[in-house]
Amino acid sequence: MRRIKLFWRFVVDADAFINLLDRTGAVVSGSCALTLLQAEREAIVGRDMDVYTTEKFETEVLDHFKEREGYKCMEEVKKKTEYDSSAILKMHKLQNEDMEVDIIVTDWKCALAPVVQFHSTAVMNYITARSIVCLYPRWTTANKSLVNPRMYLENLTHLRTLHVLMKYRRRGFRVSADPFHLGEHMCEREDGSRSKGGYCPHAMRSTVDDDVLRWDFGPMKTLGDTTITCQDMPIMMWCLGGYECVEGDKDVTISYMLVSA
Ligand SMILES: [Zn+2]
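Residues numbered from 1 in each chain as written. Predicted model: local features only at pLDDT ≥ 70, side-chain atom pairs only at ≥ 80, totals over all residues.

Visitor: Is there a simple way to explain the environment of Ile235 in this structure?
Guide: With respect to the element layout, Ile235 can be found in strand E14 (residues 235-239). By the C-beta count within 10 Å, which is 15 here, Ile235 ends up partly exposed. Beyond its immediate stretch of four places on either side in the chain, Ile235 contacts Ser206, Thr207, Val208 and Ser260. (Helix = DSSP H or I, 4+ residues; strand = E, 2+ residues; numbered from the N terminus. Buried ≥ 20, exposed ≤ 12 C-beta atoms within 10 Å, placed from the backbone. Contact = placed C-beta atoms within 7 Å.)

Visitor: Sorry if this is basic, but what is going on with the sheet that holds strand E4 (residues 88-96) here?
Guide: Paired through their backbone hydrogen bonds, the strands of a sheet run either parallel or antiparallel. One open sheet holds the eight strands; their spatial order is E3-E4-E5-E2-E1-E6-E7-E11, and the pairing between them is mixed. Here the strands that pair on one side only, and so sit at the sheet edges, are strand E3 (72-78) and strand E11 (213-216). Within the sheet, the average angular offset between the axes of one strand and its neighbour, ignoring direction, is 25°. The pairing of strand E1 (residues 27-29) with strand E6 (residues 125-127) spans two bridges and is classified as antiparallel. The residue of E6 that forms the bridge with Ser29 is Tyr126. (Pairing = 2+ DSSP bridges. Axes fitted to C-alpha atoms, helices over the stretch in contact; angles between N-to-C directions.)

Visitor: When you look at the nonpolar core in this model, what are you seeing that I'm missing?
Guide: If you look at soluble globular proteins, the nonpolar side chains tend to sit buried side by side. Formed by 57 residues in total, the largest nonpolar core has its most connected members in Val27, Val51 and Leu112. Beyond its immediate stretch of four places on either side in the chain, Val27 contacts Leu21, Tyr52, Ala111, Leu112, Tyr126, Ile127 and Thr128. (Core = buried A, V, L, I, M, F, W, Y, C linked by C-beta atoms within 7 Å.)

Visitor: Explanation requested: the sheet that holds strand E10 (residues 205-206) in the structure shown.
Guide: Strand order in the open sheet formed by three strands is E10-E14-E17, with antiparallel pairing between adjacent strands. Bordering the open sheet on either side are E10 and strand E17 (256-260), each of which pairs with just one other strand. Bridging between E10 and E14 involves two bridges; their strand directions are antiparallel. Bridging from a neighbouring strand, Arg205 pairs with Trp238 of E14.

If you want it as structure tokens, here you go:
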């Protein structure tokens, strides 16, 4: 119900919007998704909603907001340069009176690609047509957040990022670039006898692994006896990487991500 209430702040027809998410595999992420994970009294609902989509459905998602919800496109921002590792291709900034919706377009095959590149784990959450998904639930529900090693590996710690990280600190998050500041985690032993826990930044994670927390919103609409399902969303795999966990030895492992069909 909180999801519908949240959507109603930005769209008149919440059902049509959920349908759009289902059809296109688009997701709502950013502060909106985090809001739903927090207790209602702690949650700060922003004035804007971020919708992530693939290039393939860019026009469909845009048209939905423009034609069905009366939004106007204020600006189109091209994000990507030739040597940019960012999964974000461009962004459409839409506005309808005092509501703002950003449509973020990725040139990856999965709308989730930019989500696993976010500045920190606290915001690696998303809302699909069926569920809300939290990629680092143990940290996020305890108000802990690991800075994405990509930030220092790729020298992305510019002023804006620091500003954003401070924002989460002000909201009571313990933000750190060192995973051990957030508590113990299971690391791989040198002989490889133990697998890495999902909270080791060097572990390979996926959007369907056991560390992911997923709440389903309930059954989808049915048509006769058949449940209407969209094509399944591709699975995203990623590794945060960064400085090695072992004491003293501070080699760097690379961060990567890939889409598995
Ligand atoms: Zn580790």
